[in-house]
Amino acid sequence: MRAEDLHEVAARRADELPGAELTHPFGPDWDVYKVRGKVFMLQGARGGEVHVTLKSAPEDARALRESYEDITAGYHMNKKHWITVYAGGSLDEELLRELVTESYVLVLEGIPRRDRPVDPARFAHRSAD
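Residues numbered from 1 in each chain as written. Predicted model: local features only at pLDDT ≥ 70, side-chain atom pairs only at ≥ 80, totals over all residues. Heavy atoms only, no water.

> How would you summarise the overall build of the protein if you had to cite specific residues and measurements?
Within the protein one finds three helices and six strands. Over its C-alpha trace the protein gives a radius of gyration of 14 Å, about what one expects of a compact globule, namely 14 Å for 129 residues. Considering only C-alpha atoms, the protein reaches an extent of 40 × 35 × 25 Å along its principal axes. Expressed as a percentage of the 129 residues in the protein, the buried residues total 42%. (Helix = DSSP H or I, 4+ residues; strand = E, 2+ residues; numbered from the N terminus. Rg over C-alpha atoms; globule rule 2.2 N^0.38 Å. Buried < 20%, exposed > 50% of the residue type's maximum accessible area, 1.4 Å probe, protein only.)

> I'd like to hear about the packing of helix H1 (residues 3–16) against helix H3 (residues 93–109), residue by residue, with values.
In contact at an axis separation of 9 Å, H1 and H3 are set at 45° when each is read in the N-to-C sense. Taken together, the axis directions place H1 and H3 in an arrangement best described as oblique. Our pair here, H1 against H3, has a crossing hand that is right-handed. Facing H1, whose interface residues are Leu6, Val9, Ala10, Arg12, Arg13, Ala14 and Glu16, H3 presents Glu93, Leu96, Arg97, Val100 and Thr101. Of the residues assigned to the contact of H1 with H3, the class counts are six nonpolar, one polar and five charged. (Axes fitted to C-alpha atoms, helices over the stretch in contact; angles between N-to-C directions. Parallel < 35°, antiparallel > 145°, perpendicular 65-115°, else oblique. Left-handed = near helix turned anticlockwise from the far one by under 90°. Contact = heavy atoms within 4.5 Å. Nonpolar A, V, L, I, M, F, W, Y, C, P; charged D, E, K, R; others polar.)

Here is the structure:
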């Protein structure tokens, strides 16, 4: 995936998710997507390299880092629960959309049922734990 497409694809997917909102708590250079006040995606650039940071289940995060050179431990986040995705040859639009969705679902699961904008099972692509 090209660098100029990374943020666009991720933002487009985030905008499709119920209750997702774009905020800028760290200034205009960082797009922070939240659901019910909880962060599920951050977009920014470091050293001129655009990136997207997403929540990930620890075992998935490890497997993704091992399988894709464009996925690293979460930038400025808990390295066990977050990943950072960079543009590059090993990443495609479908995978990025799935990673955004998975991050959203993981955050939704931590929100009390009464406050969720949607049932997380509706978006889950992974097997039940």
